[in-house]
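# Working through the structure, step by step
Below, each chain spelled out in residue letters.
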Amino acid sequence: MLQTLSLRRQFSRRALLRSAGAGFGHLALSGLLGAANQPLGVKAPHFRAKAKRVIFLFMEGAISTLDTFEYKPALQANAGKTGPGGGTITPSRFAFQQYGQSGAWFSELMPNIAKHADEFCFVRGLHTDTPAHPQAVVQLHTGSANAALTRPSMGSWLLYGLGTENQDLPGYVTINPPPNFGGAVNYGSAFLPAHYQGTRISDEGYLPNLEASAAADLQRRQLNLIQSMNAGLAKSAQAPDPVEGIIESYELAFRMQGKVPELLDLSKEPQAVLDAYGVKPGPEGSFARQCLMARRLSEAGVRFVEICQGGWDHHTNLHQGLIARSREVDQATAALLADLKQRGLLEDTLVIFGSEFGRLPMAQGFDGRDHNITGYSMILAGAGVKKGFRYGATDELGVKAVEGRMHINDLHATLLALLGLHHKQLTYRYSGRDFRLTDVAGEVHMGLMDL
Amino acid sequence: MRFTGLIFVVLPLWGGVDFEGKVRPILVGRCYACHSAATKPAGFLRVDDRAGFFRGGDSGPAVVPGKPEASLLLQRIEHADPRRRMPRESAALSAEEIATLRRWIAEGAVWPVETLTVAPARNTAGYPQLRAKHWAFQPVQNPAPPAVTNRGWPATAIDQFLLAKLEQKQLKPVGDADRLTLVRRVTYDLTGLPPTPAEVDSFLADKSPQAYAKLVDRLLASPRFGERWGRHWLDVARYGESSGPSRNIPYPHAWRYRDYVLDAVNRDVPYNQFLQEQIAGGLLPAATPAERDRLLIATGFLALGPKDVNQRFKERFQMDNVAEQIDTVTRSTIALTVSCARCHDHKFDPIPTADYYALAGIFTSTEDAAGVRNKMGGAGLDYYDPARLLRHSAYQPKADPATLSRLEAELATAKAKWEAIRGTPEGLKIAANGRPTQQPFRLQYEKLQKEWLSLTDHGTLGYAIHGVRDAQQIADTNIRVRGEAELLGPVAPRGFLTAFAVPGAPPLNRAQSGRRELAQWLTSDRNPLTTRVMVNRIWQHLYGEGLVKTVDNFGLTGDRPSHPELLDYLASQFLADGWSIKKTVRRLVLSRSYRLASTKVSENVAVDPANRLVWRHAPRRLDAEEVRDSILLSSGRLQLNPPPASAVRALSMIEMRDNGPESRAIIEQADGSLARSVYLPLLRGVTPRALEAFDPVAQTLVTGQRDATTVPTQALFLMNSTFVRQQSLALAGELLAEGGSAAERIRRAYRRILNRLPTPQELDRAASFVPEYAAAYRPPPPLSLTLPVAAKPAAPPAAPADPDNVDRTDSRPAEPEIRPANAEAAAWMSLVQALYASAEFRFVL
């Protein structure tokens, strides 16, 4: 109840007026309290929130929601007709059925994820700006597709706003991120200090050079020498901006050597768990390994974990392609949700499943669907969101978001709010102005929150 | 331009066979199941698409219009051998159906062309305004340097432009950099290497007013200049030694293009000529075979892009490669994202789809001779097409005719046997060894195929060039509706962009592809973008950021120049200097603004935190190559003689796995190399380990600007990597061997690594660090990843014997063990490593 009040209060008009002009109050205060020396230390959120961390399951390439978790009976009724904007309306070739108390529809591609239907909050009214992967992926991750100015990624903003719970681990980990579509921009910190950047790990849990080359006390001795030189440079008037970040990166690296290898060592997991996720070597087991690593990292206190399954860009080969991709994703995602729930982590972890945009209900070629930026869906689960709930909707064909419309900026504003951060107060001054993840837009959609 | 749904069909005007009524139904009913986009184009033949049909599959065009007996289509449907007869999976065609097809072909095989009409749409309405107004499309001016109040400060015109803006904002530039900082800065910026202690001493000792200009001229004349600035161009040219995603096929001859670029930059080939060679090389006159080779190699610029060879349709494969070439050419030279107009009129810049396809016609009239062809789900040499590789003039066939004819016969037999059994029930039956019965037939065929190539193929023998040449067919191409290769819109006559005017550019020679005139259009003195884009790139490499920050995008969504007059002044001077890159670099580094200190002043930070007005010199982080090369140079192990070719030369054009034995061999070769980083093998997706940590270039798109992140993986690389420890141990050994006091050794270490002497406090700290570390030292247990390394790098392994059953295990490269001989060596090694790990080492101030 208290939380409800505080949230409502935060987003009331009066509260906004009150907080205007005091934009960085929270961060400035924590700065005074010594956070400047501990940039990654835990910081209080702007208001109380259930979610403490995020796991983002990024379906790179744009999963066809109309074939997986967005049931559109009107497609069947209108099959073969010309859809809005041209193209033949083409229903999914996969059978849908309802699951759980909430009766959410899932296609036969996702039988395991469907079992968690009552945990889900479907966000159905999403839309974005650019129907091309590079821009859309970058916008999904940074809020802006403007190439002229690279923005910090959402994980970096979160880390900047909340710090991290485990100082021995990177606060923001991205596993197997796309090497293209912006590449490092998608987990970069841009103009935020570099220690807010995501740490990239391969889908085999490999981070090069992680194994310490000398005994810890010897390496610490050497590190002290390095850091004394770095501190000297940091004090000089010519200090390049990243020196503080370099100092921090050494401390983090030193601690990571001790903790990360065991955390990413999946062989320590019981066989039953490995089987539940479907962990196996090779590319087929990639997403399962990522899911299990995500659980272990989140449990250890990593603030933001992103994992990635590519190969959803089905302009052609939609049918077989979806079968192959879903096979890789369905079991592992379901196992991750079950595991989080069983460990009580779903109480304070927000899980996001989705893509940079959606796909059209009209056919492209003989067996494909083209990009759709005017209306698409994501799945949210876990801390702070309503369960067994649908928020927003596209039109009956699934072309355009017509209800509960959420732009990427709105999605970001809402995600930050779910973690207790006010998107208008989470600012960073750069090049003469205050920047935010949501730039000059963004509206918090409280309707999907479990207050 | 917007495409309406209307389809105009050109109907035959004579009373021949009705294609839609009689012929198409046969193709749909009897052939589509195996030869259409919806299924699989078996043998790469499509009969559902006009272009695919006439272009034909692996065996050539399906029909010869007017000649039924010469048409493969009839030969196959009438074949006497049921295993060869089409359709293979159903009953033979009826006599009536065959007669219809025969008549249709005899009458000329008329397949009506379907084109979609196009109507002007909203997007283009604003184009005239954009053409007239957008700064980058306007002619380059040659503004006079503005007057400044502080007339004593500027050393060159560049300084006047910069100071005028600073004065407008009431900002003062900081003081000049000290000479030690300057010699380190300019040596790094021009060569990618730090100065040696001797070079520093010689510069500091030279008190003449010309000392700095002399230093600059020495650096410009050094071959190291081309290695650094050639690398900048290789970033822009998205250089890579393999085809990249989907199926990664090595480009074994790509190194020739790399060497061409380095050589051209070192010889200061004028930039306009440099571009002409890379775009139109083979169409330019050449006096000697060597010059002909050089010009063909230059066109590697167009050929060496990432290609998705795992692609069913030739038409799409070609159009994808054309798009990649258009993107590379336009973003690298004029910094416009022209390839956005492939599917629709450009949303921001005045580039209609028609302009894109006007350029596309130039590239569809050009044969991409990278040596690869498309195939879905191929294996082995399936993606290799030696006919699509240019030939080096040094090639001499070696084998004697007798051997060749014997081998040719054996190969034909093996091929026939393999094709006879392939996919038959008998062939798929599992033999005693657990493998399909057909497998030995395939292996035998592939073995002979390789043997044949090793005797006859200029590619396999190493005399090939990845490049382009004019295609057999020179023609305009159709606009493709929504970018879909098969959906033909109207024909777009070949030509150039309409976004801006280039007065006096020669018209396209319609008898050729038009690449030569495209290159002339791009490099015309009156092209408003090419010179601006290039001087901006040069500026960025010397000042940290471009005058236009988006160096690869001068369009509407790009940045606007911070100093438009300066940009134009530099572009004009670039022309006046005959497009000389070296003269432009020289002009910039001799300015006073380049020589500023990097000191921060809080008043200036408050007004211009990003230093866009250049009130100080922006410190920059070393790039991946500089980090590695600097470590090797200071450890005394860098080999400056360029190594021959590339390790990739030894690979076949067969798919390789990122984690497979080929990659492993290449990585180990790179690990062992002591050459400059620009010469390391650069397969796409397989980055040499010593380059991984510091944001190596992505090799996928034109990249004018590297990332410079700060992440813990860099710290881990410097603390734990074999490479850094190996070099630290080498330098420590040298320091110990040279003798002298501990203090002298420390001074030497500082000078070699940081180019300066330690402060007294630093000296004290280091002097106490060494004995303390030595006293605490215990030899570490071997790293778990340490594997024995062969005395010499492993040769790249042969292709997998069985492409159906590729080993998928991770083949992790070996790590040599780094073990100091005793506690003292360990302590010195640790000190050296700490200097490499210092933040100071990785910045140029």
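Residues numbered from 1 in each chain as written. Chains lettered and ligands numbered in written order. Predicted model: local features only at pLDDT ≥ 70, side-chain atom pairs only at ≥ 80, totals over all residues.

### A closer look at the overall build of chain A
Within chain A, the secondary structure is distributed over 13 helices and 17 strands. The burial tally for chain A puts 57% of its 451 residues in the buried class. Partitioning the contacts of chain A with sequence separation of at least 6, the portion at a separation of at least 24 is 75%. (Helix = DSSP H or I, 4+ residues; strand = E, 2+ residues; numbered from the N terminus. Buried ≥ 20, exposed ≤ 12 C-beta atoms within 10 Å, placed from the backbone. Contact = placed C-beta atoms within 7 Å.)

### Focus on the sheet that holds strand S3 (residues 366-372) of chain B
All names here are of chain B. Taken together, the four strands give an open sheet; going across it, the order is S5-S4-S3-S6, and neighbouring strands pair in antiparallel fashion. Lying at the two open borders of the sheet, with one neighbouring strand each, are strand S5 (464-465) and strand S6 (467-470). With two bridges connecting them, S3 and strand S4 (residues 384-391) associate as antiparallel partners. In the strand pairing of S4, Val 372 is matched with Tyr 384. (Pairing = 2+ DSSP bridges.)

### Details of helix H31 (residues 742-754) of chain B
All names here are of chain B. Taking 1.5 Å per residue, 13 residues should reach 18 Å; H31 reaches 18 Å between its end C-alpha atoms and fits that length. Regarding H31, the residues found buried are Arg 745, Ile 746, Ala 749, Tyr 750, Arg 752 and Ile 753. Structurally, H31 contributes buried residues whose contacts are with helix H9 (197-205), helix H26 (624-634), helix H30 (722-738), helix H32 (760-776) and helix H33 (823-837). A positive backbone phi angle near 65° is found at Asn 755, which sits one or two residues after H31. (Expected span 1.5 Å × (residues − 1).)

### Here's the deal with the packing of helix H8 (residues 179-191) of chain B against H9 of chain B
All names here are of chain B. Between H8 and H9, the shortest axis-to-axis distance is 10 Å and the interhelical angle comes to 125°. With respect to H9, the element H8 is oriented oblique. Relative to H9, H8 is oriented so that their crossing is right-handed. Of the residues in H9, those in contact with Arg 179, Leu 180, Val 183 and Thr 187 of H8 are Glu 199, Val 200, Phe 203 and Leu 204. (Axes fitted to C-alpha atoms, helices over the stretch in contact; angles between N-to-C directions. Parallel < 35°, antiparallel > 145°, perpendicular 65-115°, else oblique. Left-handed = near helix turned anticlockwise from the far one by under 90°.)

### Focus on the interface of chain B and chain A
Contacts between the two partners involve 54 residues from chain B, matched on the other side by 51 residues from chain A. Residue assignment for the side of chain B that touches chain A shows that the elements contributing at least two residues are helix H28 (689-692), helix H29 (712-720), H32 and H33 of chain B. Counting residues per element, the side of chain B that touches chain A draws most heavily on H29 of chain B, at eight residues. Grouping the amino acids of the side of chain B that touches chain A by side-chain chemistry returns 25 nonpolar, 18 polar and 11 charged. (Nonpolar A, V, L, I, M, F, W, Y, C, P; charged D, E, K, R; others polar.)

### Let's talk about the packing of H31 of chain B against H33 of chain B
Packed helix pairs are characterised by how far apart their axes lie and by the angle those axes make with each other. Residues and elements named next belong to chain B. The N-to-C vectors of H31 and H33 enclose an angle of 30°; their axes lie 10 Å apart at closest approach. With respect to H33, the axis of H31 lies roughly parallel. Viewed along their axes, H31 and H33 form a crossing whose handedness is right-handed. Across the interface between the two elements, Ala 749, Tyr 750, Ile 753 and Leu 754 of H31 pack against Leu 831, Val 832, Leu 835 and Tyr 836 of H33.

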